[in-house]
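What follows is the residue order along each chain.
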Amino acid sequence: AQSVTQLDSQVPVFEEAPVELRCNYSSSVSVYLFWYVQYPNQGLQLLLKYTSAATLVKGINGFEAEFNKSQTSFHLRKPSVHISDTAEYFCAVIKAAGNKLTFGGGTRVLVKP
Amino acid sequence: DVKVTQSSRYLVKRTGEKVFLECVQDMDHENMFWYRQDPGLGLRLIYFSYDVKMKEKGDIPEGYSVSREKKERFSLILESASTNQTSMYLCASTQGRSWSNQPQHFGDGTRLSIL
């Protein structure tokens, strides 16, 4: 079975600073990977996904993530955050042709002025 | 845009009650899912359905059942609510028979408290 570990439960960051959210997965087969964002009192929205095309994936709101097969990682980055990026971020993995999406524990990002 | 609507944002029920959580999607998606979200644990899959009247167990189905009588509606049922089922419940849907590379579309969640 696949699993996902988000290494930081909380990340405080100042406005306009860069941020990196770490995600490591384990799976014995090929996988697809997703990053979702959850703003307060809302459901999850897709930020970006990796489905075996380019290893550097660009998403919405200036976010990007890099798939690294040798390190089994899919870290999310943004070069300059805004107050509106305050949210919880979830990494998720699914086996290619699988039917269960497995989520990490989430990382809360608090952007300070 | 896909719209996934959960009938209640907040719900308070008593131990032992039978509880129904309803979810409706408006994009004719084949697949629907129920998750519970708890701090530090992320989202965990309870049940999913890939067609009307079809259901499959997720990772934590104990204490729950589901019903999918119409394609657009997926109900989660707590047969006899217990305090350890106090949680945020999220419904999601996605399209296609081979959907693993497709994003899931989520509702806003139902925060359920069992007293």
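One structure accompanies this document, and this report is about it. Because the structure is a prediction, the values reported are computed rather than measured.

### A look at the interface of chain B and chain A
Thinking step 1. Contacts between chain B and chain A engage 24 residues on the former and 24 residues on the latter.
Thinking step 2. In total, chain B and chain A occlude about 1,800 Å² of area from one another, counting both sides; carbon and sulfur atoms represent 54% of this.
Thinking step 3. Summed over the three residues of chain B that lose the most area to chain A, namely Leu43, Ser100 and Asn101 of chain B, the buried surface amounts to 28% of that side.
Thinking step 4. Counting the contacts that link chain B with chain A gives 1 salt bridge.
Thinking step 5. Residues lysine 100 of chain A and aspartate 59 of chain B are paired through a salt bridge, measuring 4.0 Å at the closest nitrogen-oxygen approach.
Thinking step 6. Seen at the junction of chain B and chain A, the total is 6 residue pairs in polar contact (both at pLDDT 80 or more).
Thinking step 7. Listed by contribution, the elements that provide at least two residues to the side of chain B that touches chain A are β4 (31-38), β5 (42-49) and β6 (56-57) of chain B.
Thinking step 8. In terms of residues, the side of chain B that touches chain A owes the most to one element, β5 of chain B, which gives 4 residues.
Thinking step 9. Here the side of chain B that touches chain A is built from residues that sort into 10 nonpolar, 9 polar and 5 charged.

### Details of the sheet that holds strand β1 (residues 4-6) of chain B
All names here are of chain B.
Thinking step 1. Reading across the sheet, the 4 strands line up as β1-β3-β8-β7 and stay open at both edges, with antiparallel pairing between neighbours. The sheet is open, and its two edges are formed by β1 and β7 (64-70), each paired on a single side. With direction set aside, neighbouring strand axes in the sheet form an average angle of 20°.
Thinking step 2. Sheet topology places β7 next to strand β8 (residues 73-78); 5 bridges connect them, and they run antiparallel.

### Focus on the packing of aromatic side chains
Aromatic ring pairs are defined here through the distance separating the ring centres and the angle between the ring planes.
Thinking step 1. One pass over the full model with this rule turns up 14 aromatic pairs over all chains.
Thinking step 2. Note on tyrosine 50 of chain A and phenylalanine 67 of chain A: the rings are 4.0 Å apart at their centroids and 15° apart in plane angle, and the pair reads as stacked. Taken together, the residues span a long stretch of sequence, with tyrosine 50 of chain A in strand β6 (residues 44-50) and phenylalanine 67 of chain A in strand β8 (residues 64-68) at a distance of 17 residues. Across the pair, exposure class does not vary: tyrosine 50 of chain A and phenylalanine 67 of chain A are buried alike.
Thinking step 3. For the ring pair tyrosine 35 of chain B and phenylalanine 106 of chain B, a centre distance of 5.9 Å and an interplane angle of 40° mean the geometry is tilted. You can see tyrosine 35 of chain B sitting in strand β4 and its partner phenylalanine 106 of chain B sitting in strand β10 (residues 105-106), a full 71 residues away along the chain.

### Some points on the state of the cysteines
Residues and elements named next belong to chain B.
Thinking step 1. Counting across every chain of the model gives 2 disulfides over all chains.
Thinking step 2. Through a disulfide, cysteine 23 is tied to cysteine 91; the S-S separation comes to 1.9 Å. Between cysteine 23 and cysteine 91, the S-S torsion sits near -80°, and that sign places the bridge as left-handed. With cysteine 23 in strand β3 (residues 19-25) and cysteine 91 in strand β9 (residues 87-94), the pair connects residues that are 68 residues apart, well separated along the chain.

### Examining the nonpolar core
Thinking step 1. Counting residues in each nonpolar core, the largest one holds 28 residues, and the members touching the most others are Trp35, Leu48, Phe74, Leu76 and Tyr89 of chain A.
Thinking step 2. In this structure, Trp34, Leu76, Tyr89 and Cys91 of chain B belong to the second largest nonpolar core, which totals 20 residues.

### What to know about the pairing of strand β10 (residues 87-95) of chain A
All names here are of chain A.
Thinking step 1. The buried fraction of β10 amounts to 8 of the 9 residues, a majority that puts the element mostly inside the structure.
Thinking step 2. As defined by bridge partners, strand β5 (residues 31-38) adjoins β10 across 8 bridges and the pair is classed as antiparallel. In the strand pairing of β10, leucine 33 is matched with valine 93.
Thinking step 3. As defined by bridge partners, β10 adjoins strand β11 (residues 102-103) across 2 bridges and the pair is classed as antiparallel. Counted as the bridge partner of valine 93 is threonine 102 from β11.
Thinking step 4. Linking two consecutive strands that pair antiparallel, namely β10 and β11, is a turn of 6 residues; a positive phi of about 70° is found at alanine 97 within it.

The rules behind these values
- Residues numbered from 1 in each chain as written.
- Chains lettered and ligands numbered in written order.
- Predicted model: local features only at pLDDT ≥ 70, side-chain atom pairs only at ≥ 80, totals over all residues.
- Heavy atoms only, no water.
- Contact = heavy atoms within 4.5 Å.
- Buried area = accessible area lost by both parts, 1.4 Å probe.
- Salt bridge = Lys/Arg side-chain N within 4 Å of Asp/Glu carboxyl O.
- Polar contact = N/O pair within 3.5 Å; in protein donor to acceptor, adjacent residues only side chain to side chain.
- Helix = DSSP H or I, 4+ residues; strand = E, 2+ residues; numbered from the N terminus.
- Nonpolar A, V, L, I, M, F, W, Y, C, P; charged D, E, K, R; others polar.
- Pairing = 2+ DSSP bridges.
- Axes fitted to C-alpha atoms, helices over the stretch in contact; angles between N-to-C directions.
- Phe/Tyr/Trp six-rings, centres within 6.5 Å; stacked < 30°, edge-to-face > 60°.
- Buried < 20%, exposed > 50% of the residue type's maximum accessible area, 1.4 Å probe, protein only.
- Disulfide = S-S within 2.5 Å.
- Core = buried A, V, L, I, M, F, W, Y, C linked by side-chain atoms within 4.5 Å.

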